[in-house]
Every structure is written in structure tokens, then in C-alpha cells.
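The residues making up each chain are set out below.
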Protein chains: 2
Amino acid sequence: MKTYVYSFGGGTSDGDGKMKDILGGKGAGLAEMSRAGVPVPPGFTISTEVCTIYFQNNNRVPDEINQQVLAALGKLEARIGKKLGDPANPLLVSVRSGARFSMPGMMNTILNLGLNDATTAGLAALTNNPRFAYDSYRRFIQMFGEVALDIDMEKFDHIFDSRKAKAKVELDTDLTAKDLQAIIEDYKKLVQKETKKPFPQDATTQLVMARDAVFRSWWNPKAAYYRKMEKIPDEIGTAANVQAMVFGNLGDTSATGVGFTRDPGSGEKVFYGEFLVNAQGEDVVAGIRTPLPISELENVMPASYKQLREITTSLENHYRDMQDFEFTIEEGTLYMLQTRNGKRTGPAAVRAAVEMAEEGLITKKEAVLRVAPQQLDQLLHPVFDGPSLKKLQLIANGIAASPGAAVGRAAFSADDAVELAKGGPVILVRKETTPDDIHGMDVSKGILTAVGGKSSHAAVVARGMGRPCIVGAGAMNIAAKQFTVASGGKTITVKEGEWISLDGTTANVYLGKAQTNEPDPNSSYFGKLMKWADEFRGSFGVRANADIPRDAKAARLFGAEGIGLCRTEHMFFAEDRIPHVQAMILASDEKTRKKALQKLLPMQRADFAGLFKAMDGFPVVIRTLDPPLHEFLPKREDLMVDLARLPHADAKLKKEMSEKYRIKVGELKKSLPVLLHRVEELHEFNPMLGHRGCRLGITYPEITEMQARAIFEAAVQVAKKGVKVIPEVMIPLIGGSKEFEHQKAIVDQVAKDVFAKAGTKVHYMVGTMIEIPRAAVTADEVAKQAEFFSFGTNDLTQTTMGLSRDDYTKFSKQYEDLKIFKADPFASIDQEGVGKIIEMAIQLGRSTRPDIEIGICGEHGGDPSSVEYCYRVGMNYVSCSPYRVPIARLAAAQAAISDKSESMRTA
Amino acid sequence: MKTYVYSFGGGTSDGDGKMKDILGGKGAGLAEMSRAGVPVPPGFTISTEVCTIYFQNNNRVPDEINQQVLAALGKLEARIGKKLGDPANPLLVSVRSGARFSMPGMMNTILNLGLNDATTAGLAALTNNPRFAYDSYRRFIQMFGEVALDIDMEKFDHIFDSRKAKAKVELDTDLTAKDLQAIIEDYKKLVQKETKKPFPQDATTQLVMARDAVFRSWWNPKAAYYRKMEKIPDEIGTAANVQAMVFGNLGDTSATGVGFTRDPGSGEKVFYGEFLVNAQGEDVVAGIRTPLPISELENVMPASYKQLREITTSLENHYRDMQDFEFTIEEGTLYMLQTRNGKRTGPAAVRAAVEMAEEGLITKKEAVLRVAPQQLDQLLHPVFDGPSLKKLQLIANGIAASPGAAVGRAAFSADDAVELAKGGPVILVRKETTPDDIHGMDVSKGILTAVGGKSSHAAVVARGMGRPCIVGAGAMNIAAKQFTVASGGKTITVKEGEWISLDGTTANVYLGKAQTNEPDPNSSYFGKLMKWADEFRGSFGVRANADIPRDAKAARLFGAEGIGLCRTEHMFFAEDRIPHVQAMILASDEKTRKKALQKLLPMQRADFAGLFKAMDGFPVVIRTLDPPLHEFLPKREDLMVDLARLPHADAKLKKEMSEKYRIKVGELKKSLPVLLHRVEELHEFNPMLGHRGCRLGITYPEITEMQARAIFEAAVQVAKKGVKVIPEVMIPLIGGSKEFEHQKAIVDQVAKDVFAKAGTKVHYMVGTMIEIPRAAVTADEVAKQAEFFSFGTNDLTQTTMGLSRDDYTKFSKQYEDLKIFKADPFASIDQEGVGKIIEMAIQLGRSTRPDIEIGICGEHGGDPSSVEYCYRVGMNYVSCSPYRVPIARLAAAQAAISDKSESMRTA
């Protein structure tokens, strides 16, 4: 007859690790460990085929298969030297589900099976621990009752809670053995009442019923839903794993512990862990008794220690990765309860991967694949010192916008931040930030806002600066120079100057001053890993988004191979420039506007020269002016309110207004309405879809002209000094070829003029952002003129999904709960929707210009799954904020290694 | 030798109407007319091939071709009985360009060729009109000088203006023959100075030079640009047409006139026009002498009149359309100078087309094609009485948003409009309108706004109401109860109650009260034409966008076959509902929200019942709630300003605020900040891309549930009374299948509940708007569940182009001047961009649901070229505002008639 039940234990097994279809994932793992000589508690796996037969056979397992189960049980009893249902030496088993694919927590498990009135008494005597025995029994009844007998769990809870009330105890652990015995009696009565039968005392009956219950749990609603979601076929069924339970609390020759084959915090190759003698697994983590370091085990149980070291070393060799293991020593016999690849910190992941490769355990390629790109964050940003953080009160939570730990005193305006920063570290707290706040963000250690999402202004700028940032902390109520939050039933007020700590990774805000640990991005392990990554990455480039020379230098240090996006408007917000920018906007005719632009020209030229120098030999993509002009002017509603307040304003308020608007106090009455009028003229209902991007350059060609002039004059000037300059001028927000042609003509004309005047030339390209669906679907026409494409995936996501990144937070929670989006589309590219538009643009663009350079400069450029996507669809590079460059490099290397298909890249 | 020159005239011609390639459009037309026996002034056409040869041959025409030209000239001289350059009886000719494709005004023309010192004197004697002769000569020198001799036009102008100053005259016509002779002398000196040669006195030389100049004008920069734009090949070249000039001012046996074969104002079949004896063509239109009605010609020159009637009748028969003709009688000989299909008013177009079909001149199909759909506007809306309008001052111009003429007194708020309307017609004047203004729009004859574009709220609602509307009249400065505009150097103030007149077709605003003529949409001609149109339209449907039963009834009268879009939110703005809507929005929990919704349920149900009754037997597409909730609340900036004003507010202002916000005066201080807080919470940066559409139904499923309940309860209730109810529930703004499934589940559940309770069922469909690119590119998935698609082309245009319809007006002028868009994309579907997305959605949708019903409900549904597009790409119907239904019906019929390809439509 065909084999339906597979035994394992004692260094052998009927199955092996490859038989996941039949044994399920868990069963195959146990078979594999046992076969490898790892002493796992013995047991047997009832195959997935039996589950299928069970359902086909009207929820009954045929007798011949039951015979195989009993035979396997006999083998198990022989192996472990205990007998199921034997009061003198009772075998207890667990019965667990386990399908081909992991379905964590979706199906049922029964522990301590084999306990009945008699074996419980036996166990109490054997362990000399009646309380333990009764507690195990009452847990078993409850678990079995719920899973196998379909009794409402709440009914057990009700009995349990009543007894606790009667015994007047607070904690479950305060219940005595006597209390537990009373509970057991009540439980048994409940079972009798609900099933019209006594609780089954026959252990074999228990086993059969438990197995069938595990099979039935395949159709738990949550399991069925999970399969639907994960596209797991309904017909494959689950296996049932029956395994002996072992006990580390059977006296001083028993023990239990957990450990790692390397230090999960640092990655150092040391045997790491802790244990307790005469204890159960949960005692080690519960913290009631203080566990001993695992090295002590050598003194207490030298043989077991030696065996454990050998086993875990061989497990690491077998699985070729750091192992996280649990073990129990039952009366001198070592059992491995579990082993799995250990979770580790970022630094540990890097060091372990590098050292394992150097030891020859894994290849360099595997080492590169072993580190999750996101983990590098911990090597690139300060992190909190755990203990010091635990002492602080968590007062708010928002959206993690830029990682790292920041500590400082709260400042509530950009100007206040600048003032306060003179005396020490500052955190800038704003409802939302605008480009006006740049100088305040610049001096702050971290940024905290009440509104906005991952792609809000604060988030984008903070990531660019490598500054920790939390946005959308909606619980904060920000008023003048303070904010309040409700926390723990109380209202907490944080005033200007008070210390707060931000964790940009968890998005937690703490009251007070935590300690931070600085990162060591230049550790030799990190350097080695990145070098290997770059080898595998090949020609796929990683550039940085950088607007000023300082950021460009940082980007080079992080390994950026050029600038993929320089947002020229960020240069416009500096203190010395904004008056000229405003003059340009307020100009009533072209002549006045050109005069203001002339003032900006030398400043922009100097900036570009700095960027070119920093990027000597690498391309610099410079985008012409993008944001709507009203962003450079005071806010409309501020002006409206101040105008309403002006007739009754006192001297102080007038002075405030005067400074805010750069208008003399005496002129406020006359000039404020004029300013408001212009702001009203520029006001837009949907600025995202308004007069911005190339639309500015088309209505005010003199702006594009000035910027092109600054670029080429800087290029010529720097090139003469021997710097290799590669400018790429990028036109934003085009909807089709006509807008691009219009702007390109201006850029080319200026280049010609500048080169003629300088008597020298530099090679340059003119290309475009693809950030509007229309540009993507007409990309064949666009590419006839455009020499490169750069996907602006922030805006492309907004337009393709009809979703404002700043407003999405209003309903993102419900959307994520309902799984309407697979992930936050502003964090990871929506491959099914936006991706279709991107792929169409690439295909159309290459159809008319096969060698067109294609990259991405949206925020997604630093997201590992998006980097992998960009690689896969054939882009030439990604560009991201400087602090994410290493992450992108690693993600790109992993994509290249995983890439099995012929790449679409041509340039 | 090959023929290069084609003569015409005297009832014969060498070429014919089909030879456009060789003769150009004009030449072929002249040949055709001549061949048909129409007495055109004789002449000859130098073929386009000569132009090509001219350029290939180093800008010279070979001698053998020149010989053909001279031969043709001889033939012409013989035909007309005059000789080129003969002082006794001089032949004057025109030399005109004429390419295969019409390129109006792009190339050059020379008139009066043949004049020199001697022939001018001869002409003066012959016509007994020396002033005419000298004026003709000086015009010829100027035209020839500029075109053939490349002399700067300004230099001629300078001479002319100096002479005028010297003669102290204001008008050109005040110059005497003597003055003109002096100018001629100056002109000739200028020619000598510029060309170092005298002005050519030899007429044949003049002819050759003029011909070559016409050829060269093929490469005028504007002509080259025009060809590029219109994709006309550069190599086809132009023909040159040489034609005798004839004169109607050679005495009392000469005359000149213009006319139509039918009345171009009414379409009535009467001989229509006017003439002058002894006059030139321009005298008829100049208004110096009063022309006589053309019937008078019968008395004055009976033979010519008879000939003219015969000719024009045969021309109408030949061209099978109403002709607009010009004629000259030179000394008893009739010449037809031009004939073309006559422009006509909308009513005339309809009547002429119907009558021509009934006369058998054209087929019914042709009659349907003869009327431009847009022309029907004039039959559906009041129009101004021309003379009465001329008396008024034009004070502003905006964007034509809804056609028709409106006259009324200015009101500056919706409430004021309601008040004022009790005393007579009102025009509502607003900076922009919001849904709050509906009651004011409803009582107004027309709507005028200072901001917004063709798809702004005012425009959309006004079109829906069939009310004339002008938007974006940016010159208006609107203050409390008045507006000012600068006009003619002065500032004009229009106060509440003053009369203004709006022309919604031209977008002109006039000060004062014009007369209007009411339309007659039910004239028998209109009815017949629409009946024929519907026969050809076939199964392609035309539905109406209608929100309330009154509009639905109007839609039926206009021939709508169902409702393609009912915007349920429009029902929410009514006076009796808005408080409940606000209560729903301000509710802090689901229970309170549901209570408010319960109040709205019976109101919505009654509305839907009304719609179903009006559309008995036709489908009614009802869209669930779409706009962001903040649209139902007061404006944020109003609240901010009022809050700032509150501390100093007097009793009157407080009362105003109290009414505005429905808050008691005593509670303003407490409640205003609370209201502002909620408004702040709902505030969005880009409301278009924010929390609206199905996103509302997903976060507040109880809203969808209430609306579905109202729909199905109404459907069941009305169906029981024998009405055939066909509800189609439409989910707005989905980005993919998951959102749709979520909302459909709610709708289906409610339907099931309602049907169970009622004990009856009605057939219904659940479908979706396609108005976000992501929905379009995943339409295959969406169509698995969705039973119909309706393109929301307003939003789809906004998202695909990244262009806010309300903000586009900021730069639309530049974009249109630069021809970046072929047309306003919010008026006509952008077929190259948005069209690609639409076609993708249709193709993907039909790939998973071949019989899916597909329509359009955006504003484009009433635009003829968009209707043609919708037909061509295989949609099943269009839906538009009721007043555009006839236009859409006609456009659809024309599309069906023109459709040569197999249709993609399947349902």
C-alpha cells in the first residue's frame, strides 16, 4: 500500500526536505533536520494526500490509513521510550497543521495531547510539579474543546475567569494546583453539556479527533480567505504533524534555552544565547528567572553543550546562514525544537554576510542577496539607544517619512528654529512645511508635521537632507509656539524649547531626550559589501537627487554616479534670492521680469558650477523651474486674515505683518491688498494640475532662457578649468511633443549663443520628465526630439491614480486595511497600474529612439522593490536622495543577480 | 510638347474640376465653371508643374513654357477683346496663387496687372474716372513692388502717409486724382532707388515677373509653416492663375452685385441679394451708396437679370447647395466673379437642407450632413436681435460656456438673485459659482463669472440648465454688489439692478438691455431633419445628463433615450437638504451619520422615482456621491476671515455671519472655531485628486448604502405602478477593480434586501465611471465585475493631461496661440492623448466582457467632433446636457453616415 504517514526522529526519516508537496513545509523541514542527524523530538507526518482523501471520503480517514498512523505511533513510542496514555510514563504529543505554502496562524494546533485524568496524575508525580501538570491538562481540554469539539472558547474563558474571581487572584500564575483542578472539573462538565459526551479519556481517540480537526481547519474562513488573497489553490490540503512533546523542567538534568550562531546585533561570529536549568521554554523569555549566558552551559552540562555547538554549527553549514535555534534538554537528552535563519540588525546582516562569504560558507553573490536593502538605513542614520528610549513617554505616532533618530528642542517656525539652533539641537514642528521653511529645516535635527504623507514637502526635503522626519502626526494640535496631544488619558503640552525625540523609522514621537548612537557607514564590512554589490550591478546606474553642491558632495560619498535630479527651484528659496524671485513674479511686464531674472542669473550659475565640480565626469540632470509661482509668495489665506485684522491691529501685530510680507508698516494698508490681488490671480484650485512645470517656461520663456544661460555659462566656465562637465537639461511636466519642442528650442538657442561667445562647446542633452500619462502614451512622438526620459513617479502616480499625495492620508488607512492598494503607492511603484503607463512609455520611446537614456527621479528611486522594478523594465538608472544611494545600489545589484531574462536595456 | 498652360473662358476650358493636382484648387474651379457655361472672366492657369520646374531650373521658367503662356495670353486677349498694354483698350489681369490644398492668405496675389503710365491714361479716359485709374495704378505699383520687387511695404506706406498729411486729409478716399498722381511719381522714384531700375512699363514683363513672384511665395515663411502644421507636402508647388479683370463701373450698362440662391437668414427659397449700377464690387459692401434689392435688376437690365437667374440656378444645381455669388456686368456683359456654397444661419441651414432634399436636389443623407451640429444651438436658445445689440456698449469678453442670449439685471449673490428675480429677469454675476449658488442660478436668465473655464461649475451647471453663461471674464473686478471693468479707457461700474446683456455664443458682455428673439426648436424643418438623423443614427444612443425630474422631462422632449448621468449630489444642495448633509458630514460617529442619512433617504427616493417616471422604458444611470465633502460646507478662507473679524464685528456683521453659517449670534464665538476645525480637517491641497468619488463610499459605506436603498426603493415603488424602470448604478472615480468590487457588494446587498422586502425585483446593472488613467489601463480586470463603463472625460482629461480644468484658463491663451493643443481639450476630446487611454479601456474592457455597454457622460458628450470620435471608437452611446441632445443626435447621425469601417460596437 502507498505510504501516507512518514516517521522522523533518531537521525533518520521516511521523507526529506524536498517533499513539501506531500509533507507540507513543516513536515519536510522536520524530516530534513532529522535526516541531517539533528536530534529533533521524534514524530510522524500524516501527508497532505490524507487531507484530500478525508474531504473526498465524507470527512473520514479510511481504516487502512489509520492503521499506518497507529504503526507510526508505535514507532514514535519506541523511539522516545514513552507510551501515549500510559500514566506511568506518558507520551504527550503536539498535532500541528502544515501546508505546502506557509499560512502562518491560519489553521489549528493542539498541544499536550495524551493528557487525561490518569496521565495528568502521572505527569504530576513524574515532574514533581502538580501545578504544571494540571495547568497543562486544563490548557489541553480548552484547546481540544475549541478545535476538535467546536465549543465556543468564550465558555471556557468564562469558567476560568469565574474561578479566578472566586480565588481572588489577579494573575493566572497565582492560581494554585487546587484551583486548576476545580477548573478542570468545570471544563469537563462543560464538554459533557455541549457535546452530550464526556471529555475523551482515550488518548488514541484524542489523536484521531485532533488530526481530523487539523484537516478541517483547512477550511477555516480565515484560511480560505488567506488562500484566496495569496492565490494558494484550495485543493492542495494540509498535512498533520504529530510530534513528541519534551520537557526541560524534569529536574537538574533538564534545561531549555535559545541562541544564535552569530551575534544578531553585531554579526560577530560568537556563540550567542541563554538558558535555564529545570525550566520550560517560556520561562527563558518570561523574565521571572534570570537566564544564564549560553557559555555557562559548558560548565553545567558539558556533553550537551558540546553536542549543541556541533549541531548548531552543522545547522549553520547546512542552511548556509546564521541560525536562530531553540533547544530543550530532557533528562540529559538534547532536543532541537526549532532552527531558522536568524533575524538580525542591519549592521549584523552586513557583517555576517561579508564574513560568511569570506569564510567560504556562501558566495559573494549570495552575500549581496543576504542583506535587505532597507536594512542599510541603520548604517546610514543615527539610531536610538534602546534602554534610554524605554524611559521616555511615547506621545504620538505619525507616518515614517525619513528614517533615523533625532533629539532636540521643539521650535514652531523656521525662524524660531534658526534662533533656537544657536543654543543646541532643534526639532522643527509644523502643521506642514512649505518651501518657505527650508532654512528652518536646514538647521533642525529632525522634522515633525501634523499633516501630509510620505511624499509631502517635509518628507521629500527631509529625505534629501538625510534628516529624520515624521509627518501626518494628526493627533498633534499645533497652536502658537506649542502643541498638545492626548496621551494616556491626559493632555500633554509641549512648548517651545522642550526636548522631544523622534524615531523616523517607527514614526514614534517621545517626550524628553533620548540617547542616540551614531552610525558607522564606512565600516570595512559595509565597504566590502557595497563593492561586491557594484560588481554585480553592472551598467545599471544609481544617481542622486541633489540641489546644492553640499548635497552633491554627500551623494558622491555615498557612491552616486551623477545627479539624476537637480530641482532648480530649491535654489530660489534662499534668503538672498527670494526677494528677486518675488520681484520676478510680481513684475507686471516682461522687461521688469527680465530685470529680476538677471539678478538671479549669477546665483544660479554659481550653484550649477558647484554641482558640475562635485560631479566631475558624471552627468548632472538639471530640471527647469517646476513649482507653481504662488509657492514663492505668501499664503492667500494668511493675507486674507491679516487684511481682515489690519484695521484693528496693534503695533506689535503690524510689525509682525511687516516682517512677514517685507512691507513697511506705513505701507501695509496700501500694499497688502495689492499683494493679495496678485496672490489671488495666481491662486489655483488644484495646484498640482495647474500652471507649473514647462507651462511656466512656455508662458514665461525668459525664465527657461535665464536658467539655460546659467547652466551653459557655468558649464563652459568649469570645463575651462579641466572639469568634465555633462549637463542634461530636463523639461518638467510635458504632456506631449509640442511643449518639449518649444522649450528645447530655447535651450538649444541659448547653448549656441553661450558656446559662440565662449569659443568652446560642451556636450549636453535635452530631455524630459515623464510624469503625466499623456506624455507616456505619446512617448514615441516625444522621443523624436527628447534625448532622455526621466520618470517623475511622484506626479505620475498622482495623475495615473487620480490621487493627491498630500490628501491621500485622509483615507489611506481604510485603503490599506481593505488592501485596495498592495502598498503605499507613493512609497513603492504601483506596478499594476502606474507600471503599465511606465512600460508603455519605455516601449514607445525606444520605438523611435532605441538608445534613449531612461531613468527615474521620483521618490521611488530609493525604494528597493521599485529599484528592482526599474531594473526589470529596462531603465538605465535610478536616482534617489543621497542617503538612499547605498540602498539603491544594493537593490540594483540584487535585481541584476536575480535577473534571468534578457534585459531590455540598450544604452 | 506637354501642356503647361490651361486656358478657360467663353464656355470652354482646357482643364476641368478634377485636375486639382495640376491646376490647383482655384484653377480647377475656374475650369469647371467655364466648362459648365458660366461666364467667368476668361484667363489661363499656369500649372503647378511649372512651379516645380521653376525651382528646379534655378528660378527660371524655360522659354518653351513662356511661349505657351504668351499663346494663352493671346487667346485671352482675343476672347475679351482687349490687349495687354494697349492704351486704347487695355486688358488688366490678376495673377493669383492656388495650390492643390487650400492655404488661405499664405501666398501672394497681384491685381490690376497691365497698368503703366500709358494704359492708366487710357483707362482714365475709357472709364471717365481718372481718380479710379490713378488709384488702381498706385495700388498696382505698391502690390507689385512689394511682391515682385521685394520692396519693404512700409516704405510705400510712408510715402502715402506723407502725401496724406500734406493734403491734410483724414481718409484715403479724400485724396484727389492729383494727389494720387503725385504718389505714383513718388512710388516710381522709390522703385528706381530700391531696384536701380525704373518701374517696368512693359506689361508682358510685368506678367512674367508677377508669375515668378507668385511661385516664390510658395516658400514664404508663413506658407512653409502652414504646410508643416497642416502636413501639406513641400514639393507639390502652386499654380498661377491669370485672369482678366472686369469693371462694373464703365457707365450705366455696367453694374456689380452679390447674392444668394436662398435666404441665408431663413433658408427660404428666394433670390436674395443686392446690386449697384456703375459701381465696383467694394462699393456694394462699403455702404457709401445704398444698393438696390436684386429684384430691381430685372427692371434695370432684364436680359442680364434673366441670365443671372439662370446661371445661379444652374450653379445651385451643379454644386447641389445654396450658392453665394458675386457678379459684375461690364458694358452689358455678365461675368460671374465667384460662386461658393453660402454661409447661413442655423435655422437657414436646417430649412435649406430639408427643402433641398424635398426638392430632390440632394438626398436625405446629404441633408443630414449639410447642417453643422453646432448650428442647432441657434434653434435651441434665444438669440440677440442684431440691430438692438449694435446700440449697446461691449464692456467685457470672457469664455463662451453656454450659448444663447440673456438679458437681465445684475445680481451679485444667489440670495440677491432670488430676491431680484421677483421683479423681473436677472443675470447672476459671481467671481465663480459653487454648488451653494444653485438656487440663484436657477432663477437667473444668464450667468457671468470672472474666473473658471469651460468646465467650471458655472459652465457645467448652466449648460445643464440650458442657461446662457460666460465664464472667466477676468477683466471684471467684482466687489460688494457691483463690478467694474476698464472699457474704452474708462472705468465702468455696474451696480446691482443695472441691465446687462450676455451673448453666450460670442462670450460678449454688453451694458444695457438688448432685444432677444426666441427660438423655435419645434419648427417642422427641425423636426424633419432630426427624424432623418435618427434614422441614420441607428443603434448608437444619445442620453442626457439630468439630475432632477424637471431636467429629465426636458431631456425627453429633446429626444434623449435615457439618462446617462444623474449626479446625485446636485440633489443634496437644495435648501431643505443641505442642513442634513452638513449634519452628516459633521457627525463624529457612524451612528449620528446614519441618522442624518435617514433624513435624506426619502428625499432622494422621491427624486429617483421622478426620474424613473420621466424615463419610462429608458435607462437611468445614477452615480453615487462624487464631490469632496468640503464642497457642502462653508469655505475655509471665509471662515478664517470671519473668525478674524468676529472680535470687532458689529451687530450687522454678526447677523450676516449667523445667517451664512446657520449659527445663532450668541454661539458664533464658540461654534465658529469648531466649524473651522472640521473644515480644516476636510481641507485638501488638490481636491480634484482627493477624498471624493468612490473613496467616500469606501470610507463611509453607509452613504452608498443609503443611496442604493433610495434607488431600489424608488425603482420598486414606480415599477409597481407599471413604469418600466431600468436603473444603472454607477460608481465614480475608481482606480481599479478592488474599489469597484467593494462598492458593488454594498449595492447588490441593498438590492437583495429591498427586493426581498418588496416581494418583487427589477433588473438593474452596476457599472463604473472610467475617469482615471489607472482604471483605463486595468479595465480588463474592472470589466470582470462591471456591467457598464461610462467615460468621465472631464476628469479623465484632467488626470491624463495633468491639467486642472479650472486652472487651465491661466495659460490657455498662450497654449492655444502656440497650437500646443489642437483645440480646448475640455471642449473636444484630445484624441491623440486622452483618446489613447479611452481606446485602451474599450479594448481591455471588451476583452473580458465583450458585450459591455460603453458610453460617455463627460461634457464632451455634446461636442460634435467628440461624438464622432465616440462613435468611431465603438461606444454605445453619448450623454450630454439636455439642450445639446439634438446636437449630439445630429453629430451621431453624421458619424454613422461617414462610417466606412466595420463598427467596433457589439452591444
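Our structure's up above, just so we're on the same page.
Description of the structure in this document. Position numbers for residues count from 1 along each chain, tracking the sequence in the order it is written. All chains are assigned letters beginning with A, and all ligands numbers beginning with 1, in the order in which they are written. With the structure being a predicted model, the display of local features is reserved for residues of pLDDT at least 70 and the display and counting of side-chain atom pairs for 80 or more, all residues being used for whole-chain, interface and lining totals. Only hydrogens and water are set aside; all other atoms, that is, all heavy atoms of the structure, feed into the side-chain values.

Bringing the environment of Ser539(B) into the picture now. Residue and element names in this part refer to chain B. Elements are defined by DSSP. Helices are runs of H or I of four residues or more, strands are runs of E of two residues or more, and each kind is numbered from the N terminus. Note that Ser539 resides in the loop between α20 (524-537) and β27 (541-545). Residue Ser539 is classed as exposed on the basis of its relative accessible area of 63%. Taking the C-alpha atoms as reference points, Ser539 and Phe101, 438 residues apart in sequence, are found 36 Å from one another. Note on exposure labels: buried denotes an accessible area under 20% of the residue type's maximum, exposed denotes more than 50%, and partly exposed covers the range between, all computed with a 1.4 Å probe on protein chains only.

This part is about the relation of the copies chain A and chain B. Look at the two chain copies: a rotation about an axis and a shift along it is all it takes to match them. The two copies are related by a screw operation: chain A maps onto chain B through 179 degrees of rotation and 0.1 Å of translation along the axis, at an RMSD of 0.2 Å. The transformation relating the two chain copies, once decomposed into turn and shift, fits a two-fold axis. When the interface residues of chain A are mapped onto chain B, 100% of them are again interface residues, pointing to one common binding face. Least squares is used to superpose the copies, and the fit set is the C-alpha atoms of residues whose pLDDT is at least 70 in both copies. Two residues form a contact once any of their heavy atoms are found within 4.5 Å.

It is worth spelling out the sheet that holds strand β2 (residues 12-13) of chain A at this point. All names here are of chain A. Being paired, for any two strands, means DSSP has found at least two bridges between them. Reading across from one edge, β2-β1-β3-β8-β6-β7 is the order of the six strands in this open sheet, with antiparallel pairing throughout. Each of the sheet's edge strands pairs with one partner strand only, and the pair in question is β2 and β7 (109-113). Bridging between strand β1 (residues 5-9) and strand β3 (residues 43-46) involves four bridges; their strand directions are antiparallel. Paired with Tyr6 across the bridge in β3 is Thr45. Relative to β1, helix α3 (residues 63-80) is tilted by about 5 degrees, and along the sheet it contacts β1, β2, β3, β6 (93-99) and β8 (238-244). Here the axes come from fitting lines to C-alpha atoms, over the contacting stretch only for helices, and the angles between their N-to-C directions go from 0 to 180 degrees.

Residues and elements named next belong to chain B. Pairing within the open sheet is antiparallel, and its six strands lie in the order β2-β1-β3-β8-β6-β7. Single-partner strands in this sheet number two, and they are β2 (12-13) and β7 (109-113). Pairing of strand β3 (residues 43-46) with strand β8 (residues 238-244) involves four bridges; the strand directions are antiparallel. Bridge pairing links Phe44 to Val242 in β8. Here helix α8 (residues 203-216) sits on the sheet and contacts β3, β6 (93-99), β7 and β8; the angle it forms with β8, its principal contact strand, is near 145 degrees.

Two faces, one strand: in a regular strand the side chains alternate between the faces of the sheet. Residue and element names in this part refer to chain B. Here strand β34 (residues 877-880) shows a buried face lined by Tyr877 and Ser879 and a second buried face lined by Val878 and Cys880. One ladder, built from four bridges, connects β27 with β34; its direction is parallel. Opposite Gly541, over in β34, you have Tyr877 as the bridge partner. Pairing of strand β33 (residues 853-856) with β34 involves two bridges; the strand directions are parallel. Looking at β34, one finds that Ile856 is bridged to Val878. When the strands point away from the viewer, a crossover counts as right-handed if the route from the first strand across the helix to the second turns clockwise. The parallel pair β33 and β34 is bridged by helix α36 (residues 864-872), and the resulting crossover is right-handed.

Here we take up helix α7 (residues 177-195) of chain A. Under the convention used throughout, the expected extent of a helix is 1.5 Å for every residue step, that is, one less than its residue count. Between its first and last C-alpha atoms α7(A) spans 27 Å; for 19 residues at 1.5 Å apiece the expected length is 27 Å, and the two agree. Buried residues of α7(A): Asp179(A), Leu180(A), Ile183(A), Ile184(A), Asp186(A), Tyr187(A), Lys188(A), Leu190(A) and Val191(A), and no others.

Across the boundary between the two partners, chain A contributes 57 residues, which contact 57 residues of chain B. For any pair of parts, buried area is found by adding up, for both, the accessible area (1.4 Å probe) each one loses once the two are put together. Contact between chain A and chain B buries roughly 5200 Å² in total, counting both sides, with carbon and sulfur atoms accounting for 60%. Interface area lost by chain A to chain B is led by Phe685(A), Leu689(A) and Arg774(A), which between them contribute 14%. We count a salt bridge whenever a side-chain nitrogen from Lys or Arg sits within 4 Å of a carboxyl oxygen from Asp or Glu. Here chain A is connected to chain B by six salt bridges.

With that settled, consider unusual backbone geometry. Residue and element names in this part refer to chain A. A positive phi angle is found at Glu331, which is not glycine, with a value near 45 degrees. Inspection of the secondary structure assignment puts Glu331 in the loop between β12 (323-330) and β13 (333-341). Look at Arg662: it is not a glycine, yet its phi comes out positive at around 55 degrees. One can find Arg662 in the loop between α26 (651-661) and α27 (668-682). Residue classification places Arg662 among the partly exposed residues on the basis of a relative accessible area of 46%.

Evaluated as defined, the whole model comprises 129 salt bridges over all chains. In this structure, the salt-bridge partner of Asp830(B) is Arg774(A), at a minimum N-O distance of 2.6 Å. On the criterion of chain membership, the pair formed by Asp830(B) in the loop between α34 (812-817) and α35 (834-848) and Arg774(A) in helix α31 (residues 773-777) is interchain, its members lying in two chains. With relative accessibility at 9%, the residue Arg774(A) sits in the buried group.

Moving on to the state of the cysteines. In this description, a disulfide is simply a cysteine sulfur pair whose atoms lie within 2.5 Å. Scanning the model with the defined rule gives zero disulfides over all chains in all. Of all cysteine sulfurs in the structure, the one in Cys870(A) sits closest to Cys857(A), which takes part in no disulfide; the separation is 11 Å.

In short, shape yes, function no, at least from these values alone.
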